Amino acid sequence: MLSHERVWAAIDALAERYSLSASGLAKKAGLDSTAFNKSKRQSVDGRPRWPSTESLAKIIDATNSSLEEFLGFVEPVKAAGKARGREQAAGVPLLGFAQAGAGGFFDDAGFPAGQGWELIELPARATDNSYALEVQGDSMLPLYRNGDVLIVEPGAAVRKGDRVVVKTISGEVMAKVLERQTQSVIELLSLNPEHPNRRFQTAEVEWVARIVWASQ
């Protein structure tokens, strides 16, 4: 069922998906920048205030997303059943970036495999193929801090501006912003200005997985 809390949470999740604040999403959609402020979600007498269907249509159009994607944020998919040969109960697998660089934890498409996974409670929209990576160190500051958890979705379509996790053939794992991807080249922007941007030949990259949520 639709609920006031879930609809507003979906708006926040859509904003996060496209690297925007709630105010930034409103402005991008041609709405007043305060339209999605926390204070606007309740009336002065404390009753819940719902976003209009027009404003929802505008943010979906402005982000070039879809109603299906938005509804996916409204009703997050519960992790259940089997995903590529692994059991998921009420959570998604969690692995550290250092472990992710080692062999045996992923197949060649970037899906979890093997043993060594700790399950965590599902904090956001995910599919059966989603899993969690825990940030280790400060190489992803200021966007991601040590201990933050990233939910990634291998196999999902990626485009310029998406935050992604990339694993190279050599075993290096990194979170970057996708700048350009062609049949032969992948260019990545660093999240931390103290770390260089990266450019790889496609043959040097084992897999790319889109970041769909972060515990910030």
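Because the structure is a prediction, the values reported are computed rather than measured. (Residues numbered from 1 in each chain as written. Predicted model: local features only at pLDDT ≥ 70, side-chain atom pairs only at ≥ 80, totals over all residues. Heavy atoms only, no water.)

Caption draft 1: Examining the environment of V177 more closely. Summarising the element assignment, V177 is placed in strand 8 (residues 173-181). Overall, V177 belongs to the buried group, its relative accessible area being 17%. C-alpha separation for the pair V177 and R210, spaced 33 residues apart in sequence, amounts to 9.6 Å. Excluding residues that lie within four positions of it along the chain, V177 makes contacts with G161, D162, R163, E187, L188, L189 and L191. (Helix = DSSP H or I, 4+ residues; strand = E, 2+ residues; numbered from the N terminus. Buried < 20%, exposed > 50% of the residue type's maximum accessible area, 1.4 Å probe, protein only. Contact = heavy atoms within 4.5 Å.)

Caption draft 2: Here's a closer look at helix 4 (residues 67-74). Within the sequence span of helix 4, burial applies to E69, F70, G72, F73 and V74. Looking at the packing, one finds that the buried side of helix 4 touches helix 1 (4-17) and helix 3 (53-62).

Caption draft 3: Region of the structure containing the nonpolar core. Formed by 18 residues in total, the largest nonpolar core has its most connected members in I11, L14, L25, L31, F36, I59 and F70. Breaking this core down by element, the ones donating at least two residues are helix 1, helix 2 (22-28), helix 3 and helix 4. Among the elements that take part in this core, helix 1 stands out by supplying 6 residues, more than any other. Not counting residues within four places of it along the chain, the set of residues in contact with I59 comprises I11, L14, L25, A29, L31, F36, S65 and F70. (Core = buried A, V, L, I, M, F, W, Y, C linked by side-chain atoms within 4.5 Å.)

Caption draft 4: Highlighting the pairing of strand 11 (residues 205-214). Burial of strand 11 is extensive: 8 of the 10 residues sit out of reach of the surface. Pairing of strand 6 (residues 149-154) with strand 11 involves 5 bridges; the strand directions are antiparallel. Counterpart to I151 in the pairing with strand 11 is W213. (Pairing = 2+ DSSP bridges.)

Caption draft 5: A look at the packing of helix 1 against helix 4. Relative orientation of the contacting elements helix 1 and helix 4 amounts to 120 degrees, with a least axis distance of 8 Å. As far as their axial angle goes, helix 4 and helix 1 are oblique. Judged by the twist between their axes, the crossing of helix 1 over helix 4 is right-handed. Facing helix 1, whose interface residues are R6, V7, A10, I11, A13, L14 and R17, helix 4 presents E69, F70, F73 and V74. Considered class by class, the residues forming the contact of helix 1 with helix 4 number 8 nonpolar, no polar and 3 charged. (Axes fitted to C-alpha atoms, helices over the stretch in contact; angles between N-to-C directions. Parallel < 35°, antiparallel > 145°, perpendicular 65-115°, else oblique. Left-handed = near helix turned anticlockwise from the far one by under 90°. Nonpolar A, V, L, I, M, F, W, Y, C, P; charged D, E, K, R; others polar.)

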